[in-house]
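# Tertiary structure, described
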Amino acid sequence: MRLHWHRRDLRVADNRALAAAAEGEVLPVFVFDPTVLDHAGPARVAFLLDSLDALREDYRDRGGGLVVAHGDPAEELPRLADEHGAEAVFWNHDYTGLARERDRRVESALDDADIDHETFHDAVHHEPGAITTNDGDPYAVFSYFGKKWLDREKESSYPPPNGDALRAGDDDLPTSDDLGFDEPDATLPEAGTEAARDRLDSFCEAAIGEYETEREYPARAGTSRLSQDLKYGTIGIREVSERVAEAADRADGDDVRESIETYREELAWREFYTQVLRYNPEVVTENYSSYENPIEWRESDDDLDAWKDGETGYPIVDAGMRQLHEEAYIHNRVRMIVAAFLTKDLLLDWRAGYDHFRELLVDHDTANDNGGWQWAASTGTDAQPYFRVFNPMTQGERYDPDAEYIKTYVPELDDVDPDDIHSWHELSEDERADVAPDYPDPICDHGERREEAIAMFERARGDEDD
Ligand SMILES: Cc1cc2nc3c(=O)[nH]c(=O)nc-3n(C[C@H](O)[C@H](O)[C@H](O)COP(=O)(O)OP(=O)(O)OC[C@H]3O[C@@H](n4cnc5c(N)ncnc54)[C@H](O)[C@@H]3O)c2cc1C
């Protein structure tokens, strides 16, 4: 008998390690690891618990169950294997530095207990190290990686285990409170494979054909909303790609085909950042690109709090930060805007923003979150050049022209004309007090801060006096 150790693969279908383990008899287990919980926030804990609940139901429907343990996996897995008479433990790879260090300890504990272990690559199509430069090095920029990723053949999905292979075993799941977390303030998406499949199916039936343009507009439902599912593995990447390929087969016209290719490219970005993190685990706390001198980030708790609370007086920024509180999610375009605002307008260190996202996002994924922040801060792989500073007002005007998204999250601006919203910084104090007395004045001057940001990066580059 084998144990299958679920981690970020909370599904029964299209699960490589589980499919391999189920060639014999298999008992699925999940271990609540205090070290992992130390890095979690209420939204992700709630989503994790709901995903586990759905997973357990799925196993029960097939005649199996889910065993749940708490503690250091290096102690819990040998104990569970011994208790249930398992001769091997199977699991899928996780590529963060923390997970790899933990997995090494688990392997050595299992070796000591004379229990076999088999591990599989599963979370991505092409494992870190599979797509490299001609010299065999990991890519440091996306473009060639992306081309190779798009061209390379994709493996088919794996079937769920046969009911006969499943050993019954059942434990209660803890509550958020048991794990030391509050219930989240945010409203979360439904968890579990069925909910993820519904999201994928409805996206592939319609929106994917206009993804290329619609994904830029935060007020529209133009994206797949699968990020939390891909993070927790409630759906397999091979299954996602199969549905996307079916949509491509049905595609009518070049625009639709291009949109689908753009969507596939986003899935490639996910795998690119996974390999960046795998080969550069230090990026979690350090800049990916080095500058000659330290970047002289400002320090201001007041400005950081205003950004976190959505009280900066820059409407699109505030809408994004309030969406984060209400939904534990922010639209991609707005993630770029709020991250650029923190680093280039408030001149605050990207790590403060990353920590806040890590605390609140339901889809926080170390690789993607870090990649996104370092891109915005001009410290990452394919980073935004330091001198190209997002203007939050023109971004709002371009991508939310009717201020529909802004008004959804910033009710103080409900009755304000979109033109006034998009020129909020240009109105006089009296005009602002007249149209929206409860909404703050801008906390900084974008034009001035843009100049300061460029000067700050030039000093970091060492070319200040050239
Ligand atoms: C500052 C910042 C922080 C971010 N933090 C995260 C994070 O913690 N977790 C996360 O999954 N994504 C993160 N992203 C990337 C992106 O914003 C989200 O993946 C996307 O908004 C999720 O919505 P969706 O599933 O509807 O995306 P879709 O547009 O439907 O994309 C499909 C999938 O592709 C992947 N993807 C899309 N865009 C990117 C990207 N730029 N980089 C890497 N993968 C991508 C995601 O897995 C996503 O679910 C971040 C981006 C920025 C700028």
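Given the structure is predicted, the values throughout are model-derived calculations rather than measurements.

### Some remarks on the nonpolar core
In this structure, Val240, Trp307, Phe357 and Leu413 are the most contacted members of the largest nonpolar core, which totals 85 residues. The dominant element in this core, judged by the number of residues it contributes, is helix α11 (residues 254-279), at nine residues. Not counting residues within four places of it along the chain, the set of residues in contact with Phe357 comprises Trp307, Met321, Leu324, Ile330, Arg335, Val338, His364, Asp369 and Trp373. Counting residues in each nonpolar core, the second largest holds 35 residues, with Leu18, Val45, Phe181 and Val362 among its members.

### Quick word on the site of the ligand
Close contacts around the ligand come from 28 residues, with Tyr211, Thr223, Ser224, Arg225 and Asn332 the closest. One of the backbone N or O atoms of Ser227 is found 3.1 Å from an oxygen atom in the ligand. Within the backbone of Asp363, a nitrogen or oxygen atom sits 2.9 Å from a nitrogen atom of the ligand. Relative to its free-state accessible area of 820 Å², the ligand is covered by the protein chains to the extent of 95%. With respect to the detected pockets, the ligand is housed in the largest pocket. When residues of the shell around the ligand are traced back to their parent elements, those giving at least two are α9 (227-232), α11, α14 (332-345) and α16 (366-376). A total of six residues in the shell around the ligand trace back to one element, the largest contributor, which is α11. Split into classes, the residues belonging to the shell around the ligand amount to 14 nonpolar, seven polar and seven charged. Lining the shell around the ligand are residues from two domains, each supplying at least three of them: domain 2 (193-279) and domain 3 (301-461).

### Brief notes about the sheet that holds strand β3 (residues 67-70)
The five strands are arranged β3-β2-β1-β4-β5 in an open sheet whose pairing can be described as parallel. Because the sheet does not close on itself, it has two edges, and the strands there are β3 and β5 (116-120). Taken pair by pair, the neighbouring strands of this sheet meet at an average axis angle of 30°, ignoring direction. Of the strand pairs in this sheet, strand β4 (residues 88-92) and β5 are connected by five bridges, and their pairing is parallel. Paired with Ala88 across the bridge in β5 is Asp116. Where helix α5 (residues 97-112) meets the sheet, it contacts β1 (2-6), β4 and β5, and its direction lies at approximately 165° from that of β4.

### Digging into helix α15 (residues 350-360)
When we look at burial in α15, the residues that qualify are Trp350, Gly353, Tyr354, His356, Phe357 and Leu360. All buried residues of α15 project into a common sector of 165° when viewed along the axis, lining one side. Contact partners of the buried residues in α15: α3 (42-61), α12 (301-309), α13 (315-327), α14 and α16.

### So, the side chain of Arg2
In this structure, Arg2 sits in strand β1. Buried charge without a salt bridge: Arg2, with Glu87 as the nearest opposite-charge side chain at an N-O distance of 4.0 Å. A polar contact of 3.2 Å, which involves the side chain of Arg2, links it to the backbone oxygen of Ala20. Discounting residues that sit within four places of it in the chain, Arg2 has contacts with Ala20, Ala21, Glu23, Gly24, Glu25, Val26, Leu27, Ala86, Glu87, Ala88 and Phe90.

### Some details on the UniProt feature "site: Electron transfer via tryptophanyl radical" (unreviewed entry) in the chain
Cross-referencing UniProt, the feature "site: Electron transfer via tryptophanyl radical" (unreviewed entry) maps to Trp297, Trp350 and Trp373 in the present numbering. Among the annotated residues just listed, those lining the largest pocket are Trp373. Secondary-structure assignment places Trp297 in the loop between α11 and α12. The exposure class of Trp297 is buried, given its relative accessible area of 14%. Discounting residues that sit within four places of it in the chain, Trp297 has contacts with Thr343, Leu347, Leu348, Asp349, Trp350, Arg351, Ala377, Met456 and Phe457. By the element assignment, Trp350 lies in helix α15. Leave out the neighbours within four places in its chain, and Trp350 touches Val283, Val284, Thr285, Glu286, Asn287, Trp297, Thr343, Asn370, Trp373, Gln374, Ala377 and Thr379. Within polar-contact distance, the side chain of Trp350 engages the side chain of Asn287 at 2.9 Å.

Criteria and thresholds
Residues numbered from 1 in each chain as written. Predicted model: local features only at pLDDT ≥ 70, side-chain atom pairs only at ≥ 80, totals over all residues. Heavy atoms only, no water. Core = buried A, V, L, I, M, F, W, Y, C linked by side-chain atoms within 4.5 Å. Buried < 20%, exposed > 50% of the residue type's maximum accessible area, 1.4 Å probe, protein only. Helix = DSSP H or I, 4+ residues; strand = E, 2+ residues; numbered from the N terminus. Contact = heavy atoms within 4.5 Å. Near = heavy atom within 4 Å. Polar contact = N/O pair within 3.5 Å; in protein donor to acceptor, adjacent residues only side chain to side chain. Areas by Shrake-Rupley, 256 points an atom, 1.4 Å probe, with all protein chains shown as cover. 1 Å grid on protein atoms, 1.4 Å probe; cavity = no way out; pocket = protein on both sides within 12 Å on 5 of 7 lines; lining within 4 Å. Sits in = over half its atoms within 2 Å of the grid points. Nonpolar A, V, L, I, M, F, W, Y, C, P; charged D, E, K, R; others polar. Domains from an automatic or database assignment. Pairing = 2+ DSSP bridges. Axes fitted to C-alpha atoms, helices over the stretch in contact; angles between N-to-C directions. Arc of directions from axis to C-beta. Lys, Arg positive; Asp, Glu negative; His and termini not counted. Salt bridge = Lys/Arg side-chain N within 4 Å of Asp/Glu carboxyl O. UniProt positions renumbered as here; feature names shortened; annotations may be inferred.

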